Amino acid sequence: MKVEAITLREIHLPLVDFFETSFGRIFSRRILLVTVECGGVNGWGECVAGENPFFSSEWAESAWPTLKHFLAPALLGRNLTSARECVPLMARVRGHRMAKAAVENALWDAEAKQKQQPLWKLLGGTRREIQCGVSIGIQDSVEQLLDKVHTELAAGYRRIKVKVKPGWDVNVLQRIRSRWPDIQLSCDANSAYTLDEVEHLRKFDQFNLLMIEQPLWDDDIYYHARLQRELRTAICLDESIHHARDATAAVETGACRIVNIKVGRVGGFTEAKKVHDVCQANKVPVWCGGMLESGIGRAHNIALSTLENFRLPGDVSASKRYWKEDIIEPEVEVTQQGTIVIREEPGTGYRVRENLIEKLTTRKETIRSLAGK
Ligand code: OSB
Ligand code: MG
């Protein structure tokens, strides 16, 4: 599998509904897509970095030059026998995991196509159907949020996660629980609290939540361990887990009882599998997080979610919740039972709509290997 060319594209996709977290509201996504050309097949990957450096220090603008000047040159002209061989070649670049994941995952897609195998099988997945949940952002009113919860439950989703922040938390959870006492419910703070708020966070215990996701600082493990000892509700870490070593540290210190795996956040499928394995060995269930992906990243999340220790419903939901028109065909659909049925075709099982992507592209650059390499 010789890496002959890498194309970067930026597309702009308006969201069907705005999405608000404790760090802000967005209406539209700026998505960097990576295509790798190797041995007659094209593999596609999506960089999940956001429009701003609020969720992580990486953002849409930082990924482009990192890929162009460092990651692509480290791979071009190389003959790889499998996608995971790209990991050591990119290791000199520190951080920039979302940029690395975009190219690594494109290589996995290419490898799967070349081997005529479904990507999920190549990753070592076993599930033929995955469980889906939804992440519902902060709304203008609690009534509006309750309407959304109702709609998603009616669509079959198996777990409702709501975004929380000081001023939009206990009251909101109270209203949801009094209307739906038995649903699987969780919340995600995206680091909106500090350890001074333990007494406040303890109030969350009364709602029988499946978990509270990332209550404290994005770069912290130690203080989450202190907090977990104070709470009955399981803590789930998202932002804090950058690699398998972080997962080990979190599990060993008792900083969380559940881990959210985002393939972009940990730098690609190879590391995501390692995080999965570490958690499995320690009997810590994982689930697949989302970053408001287009169909390309979504298809990758679906493939990853077939690994055995993805025991809880993920933030992997139907295309139509995000986009008027997705860039893959067919779009991702969710059954009335709140599941996605895994496709059997080689690669992701979803076709990339290149003509539509071309129309949505605002910037494009192809980087080729130098002659003789
Ligand atoms: O913290 O899980 C998060 C979206 C953007 C950035 C961070 C997060 C999220 C979500 C959305 O919760 C999940 C999705 O529906 O893709
Ligand atoms: Mg989160």
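Shown above is the structure to which this text applies.
The structure presented is a predicted model; accordingly, all values stated were derived computationally and were not measured. (Residues numbered from 1 in each chain as written. Chains lettered and ligands numbered in written order. Predicted model: local features only at pLDDT ≥ 70, side-chain atom pairs only at ≥ 80, totals over all residues. Heavy atoms only, no water.)

Some thoughts on the nonpolar core
Piece 1. I6, V34, L107, I176 and F204 are the most contacted members of the largest nonpolar core, which totals 127 residues.
Piece 2. Counting residues per element, this core draws most heavily on helix 3 (residues 97-114), at nine residues.
Piece 3. Core analysis: the next-biggest nonpolar cluster, separate from the first, contains six residues, M211, A234, C236 and W287 among them. (Core = buried A, V, L, I, M, F, W, Y, C linked by side-chain atoms within 4.5 Å. Buried < 20%, exposed > 50% of the residue type's maximum accessible area, 1.4 Å probe, protein only. Helix = DSSP H or I, 4+ residues; strand = E, 2+ residues; numbered from the N terminus.)

Regarding the site of ligand 1
Piece 1. Near ligand 1 lie 15 residues; those nearest to it are S135, N190, K262, L292 and Y322.
Piece 2. Between S135 and ligand 1, the recorded distance is 2.9 Å, taken from a side-chain N or O atom to an oxygen atom.
Piece 3. In this structure, an oxygen atom belonging to ligand 1 sits 3.0 Å away from a side-chain N or O atom of D188.
Piece 4. Starting from 390 Å² of accessible surface for ligand 1 in isolation, the protein chains cover 96%.
Piece 5. Residue composition of the shell around ligand 1, grouped by class: five nonpolar, three polar and seven charged. (Near = heavy atom within 4 Å. Polar contact = N/O pair within 3.5 Å; in protein donor to acceptor, adjacent residues only side chain to side chain. Areas by Shrake-Rupley, 256 points an atom, 1.4 Å probe, with all protein chains shown as cover. Nonpolar A, V, L, I, M, F, W, Y, C, P; charged D, E, K, R; others polar.)

Some points on unusual backbone geometry
Piece 1. Put simply, E329 and P330 share a cis peptide bond, and its omega is -5°.
Piece 2. Its location among the elements puts P330 in the loop between strand 12 (328-329) and strand 13 (339-341).
Piece 3. The phi angle at S191 is positive, at roughly 70°, despite the residue not being glycine.
Piece 4. Its place among the elements puts S191 in the loop between strand 7 (185-188) and helix 7 (198-202).
Piece 5. For N208, which is not glycine, the phi dihedral falls at a positive 50°.
Piece 6. Mapping N208 onto the fold places it in the loop between helix 7 and strand 8 (212-213).
Piece 7. By relative accessible area, which is 59% here, N208 ends up exposed.

Taken by themselves, the reported measurements are silent on function.
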